[in-house]
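Take a look at the letters that make up each chain.
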Amino acid sequence: MDYGMIGKIEKAKRYAQQRERFHFNSFTVTMEGENNSHTIEYADGQWKCDCDFFQTRGRCSHTMALEIILENMIS
């Protein structure tokens, strides 16, 4: 491995420890729930999930789990 790549790997490790540098603007995730897989979307500061609970409440365990995982990384 060349020295340039070694430097980039070290820099990547430092960045990964500085989560505050990262801000997600939009993404789509598929989560394997206990009964079914669900598609969760985040765009323009809004969550969407295809589960029935989200449709009636605007929040669900799937979106809340992602909020926990991505704490301080989303708007």
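A few points on the structure. Just so it is clear, the model here is predicted, and its values are computed rather than measured. (Residues numbered from 1 in each chain as written. Predicted model: local features only at pLDDT ≥ 70, side-chain atom pairs only at ≥ 80, totals over all residues. Heavy atoms only, no water.)

Brief notes about the packing of aromatic side chains
One pair of aromatic rings is described through two measures. These are the centre distance and the angle between the planes. Counted by the stated rule, this structure contains four aromatic pairs. With centroids separated by 5.5 Å and ring planes inclined at 75 degrees, the aromatic side chains of Phe24 and Phe27 adopt a geometry described as edge-to-face. Phe24 gets classed as partly exposed once you look at its relative accessible area, which sits at 32%. With relative accessibility at 15%, the residue Phe27 sits in the buried group. (Phe/Tyr/Trp six-rings, centres within 6.5 Å; stacked < 30°, edge-to-face > 60°. Buried < 20%, exposed > 50% of the residue type's maximum accessible area, 1.4 Å probe, protein only.)

Structural notes on the state of the cysteines
Two cysteines, two sulfur atoms, one covalent bond between them: this is a disulfide. Across all of its chains, the model carries zero disulfides by this definition. Cys51 provides the cysteine sulfur closest to Cys49, a residue in no disulfide bond, and the two sulfurs are 3.7 Å apart. For Cys49, a relative accessible area of 4% translates into the label buried. Considering cysteine sulfurs only, Cys51 is the nearest to Cys60, which forms no disulfide, with 3.7 Å between them. A relative accessible area of 1% means that Cys60 is categorised as buried. (Disulfide = S-S within 2.5 Å.)

Notes on helix α3 (residues 61–69)
Considered for burial, the residues of α3 that qualify are His62, Thr63 and Leu66. For α3, the arc enclosing every buried residue in end-on projection is 95 degrees, short of the 170-degree limit, so these residues lie on one face. Of the surrounding secondary structure, the elements contacted by the buried residues of α3 are β1 (26–32), β2 (37–43), β3 (46–49) and α2 (52–57). (Helix = DSSP H or I, 4+ residues; strand = E, 2+ residues; numbered from the N terminus. Arc of directions from axis to C-beta. Contact = heavy atoms within 4.5 Å.)

Keep in mind these values describe shape, not function.
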